[in-house]
Amino acid sequence: MQGTVGAGAVMAAGSGLLSSPTLADGHGGGMAAAFEAENLDDALAALGGQAATESDQIKIKAPEIAENGAVVPVTVSTDIEGATEIAILVPENPAPMAAGFKLAANSVATASTRLKMGKTSDVIALVKAGDAVHMAKKEVKVTIGGCGG
Amino acid sequence: MARKIKIKAKEKDGVVTVKSIMNHPMETGQRKGKDGKKIPAHFISEIVVTANDEEVLNANWGPAVSKNPFISLAYNGAKGDVVKLTWKDNMGESESAETNVK
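A few points on the structure. All of these numbers come straight from a predicted model, not from anything done at the bench. Numbering of residues starts from 1 in each chain and follows the order in which that chain's sequence is written. For naming, the first written chain is A and the first written ligand is 1, with later ones following in the order written. At least 70 in pLDDT is required for a residue's local features to be given in this predicted model, at least 80 for side-chain atom pairs to be given and counted, and no such filter applies to totals for whole chains, interfaces and linings, which use all residues. With hydrogens and water set aside, each side-chain value is computed from the structure's full complement of heavy atoms.

Considering the sheet that holds strand β2 (residues 15-22) of chain B
Thought 1: Pairing is antiparallel across the open sheet formed by six strands, whose spatial order is β2(A)-β4(A)-β7(A)-β5(B)-β2(B)-β1(B). Edge positions in the open sheet fall to β2 (58-61) of chain A together with β1 (5-12) of chain B, since each of these has one partner strand only. Strand after strand, the sheet turns through a mean of 15° between neighbouring axes, direction not considered.
Thought 2: Note that strand β7 (residues 107-115) of chain A and strand β5 (residues 70-76) of chain B share five bridges and pair antiparallel. Within the sheet, the bridge partner assigned to A111 of chain A lies in β5 of chain B and is L73 of chain B. Strands are labelled as partners when DSSP assigns at least two bridges between them. Strands here are runs of E lasting at least two residues and helices are runs of H or I lasting at least four, both read from the DSSP assignment and numbered beginning at the N terminus. For every element, the axis is a line fit to its C-alpha atoms; helices are fit only across the contacting stretch, and the angle between N-to-C directions ranges from 0 to 180 degrees.

Some remarks on the interface of chain A and chain B
Thought 1: Listed per partner, the contact involves 40 residues of chain A and 41 residues of chain B.
Thought 2: What gets called buried area is simply the loss in accessible area from a 1.4 Å probe that two parts show on being joined, summed for both. Across the chain A to chain B interface the summed buried area is about 3,400 Å²; carbon plus sulfur atoms make up 55%.
Thought 3: What counts as a salt bridge is simple: a side-chain nitrogen of Lys or Arg found within 4 Å of a carboxyl oxygen of Asp or Glu. Between chain A and chain B we count zero salt bridges in total.
Thought 4: For the purposes of these results, a polar contact is taken to be a pair of N or O atoms within 3.5 Å, where, inside protein, one atom must be able to donate a hydrogen and its partner to accept one; residues adjacent in sequence count only when each atom of the pair is a side-chain atom. Linking chain A with chain B are 15 residue pairs in polar contact (both at pLDDT 80 or more).
Thought 5: Of all the elements, β7 of chain A adds the most residues to the side of chain A that touches chain B, at eight residues.
Thought 6: The class makeup of the residues in the side of chain A that touches chain B is 22 nonpolar, 15 polar and three charged. By the convention used here, residues are in contact when the closest approach between their heavy atoms is within 4.5 Å. Classes in brief: Ala, Val, Leu, Ile, Met, Phe, Trp, Tyr, Cys and Pro nonpolar; Asp, Glu, Lys and Arg charged; the others, Gly included, polar.

Considerations on the pattern of salt bridges
Thought 1: Under the definition given, this model contains five salt bridges over all chains.
Thought 2: Taking the shortest distance from any N to any O, the salt bridge between K119 of chain A and E92 of chain A comes out at 3.7 Å. Placement of the pair is K119 of chain A in the loop between β7 and β8 (121-129) and E92 of chain A in the loop between β5 (83-89) and β6 (97-103), with a sequence separation of 27 residues.
Thought 3: Residue class for E92 of chain A comes out partly exposed when judged on its relative accessible area of 42%.
Thought 4: A salt bridge links K79 of chain B to E11 of chain B; the nearest nitrogen and oxygen atoms lie 3.2 Å apart. Note that K79 of chain B is positioned in the loop between β5 and β6 (82-89) and E11 of chain B in strand β1, a separation of 68 residues in sequence.
Thought 5: Each residue is placed in one exposure class: buried if its accessible area under a 1.4 Å probe, protein chains only, is under 20% of its type's maximum, exposed if it is over 50%, and partly exposed if it falls in between. Here K79 of chain B falls in the exposed class, since its relative accessible area comes to 55%.

Structure below.
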């Protein structure tokens, strides 16, 4: 994971450059550290998610079998009141932390993107609401990995 | 170096759904090139989406997001809102695009 340390710095420094309003002090911190973690425990620790409770109010929409691990569409949505952050992790990837979304007051608690997955793995969604962290997971079977070369 | 951003925003029942695809290589830093050397990581690390200059989503990404990344989000808004998406990558490149909510 060359470059991730630098990326963290860029992220922190860059938040000021994006002229649009940003969440106060919401940058870097837990999420930046989570991106540097190379195993799930470290990533969860950085996000404060070790003690996360499993919740059926989090929905992960992802294919059961992904033919192409380079493009796995994942949508996470939640009904949990006051959700402020959504994080998506892929434990079997070299760096489990895949994407983090910080929601604003008027956001609807849903986010989707497409992820690379090296091999069959759970997809873990963490949702932070207030001081509590909730999680849900779903297994995605990958037939062709997304980390070739 | 300009990279394209496609962005669309549509309102239904007071909820605006924004969808966007950005042109970006999203190199992980794990792949090796033909010369056997690692291709340096190059990925979008931060995205800020605003509606009428008010932030509605802030995303931090790692290299595990796919090439030419797609993002979709939703917020409570109205037709005519100006939605702007700005991304920044780990090499300091940045690009933005905006659209009117339909």
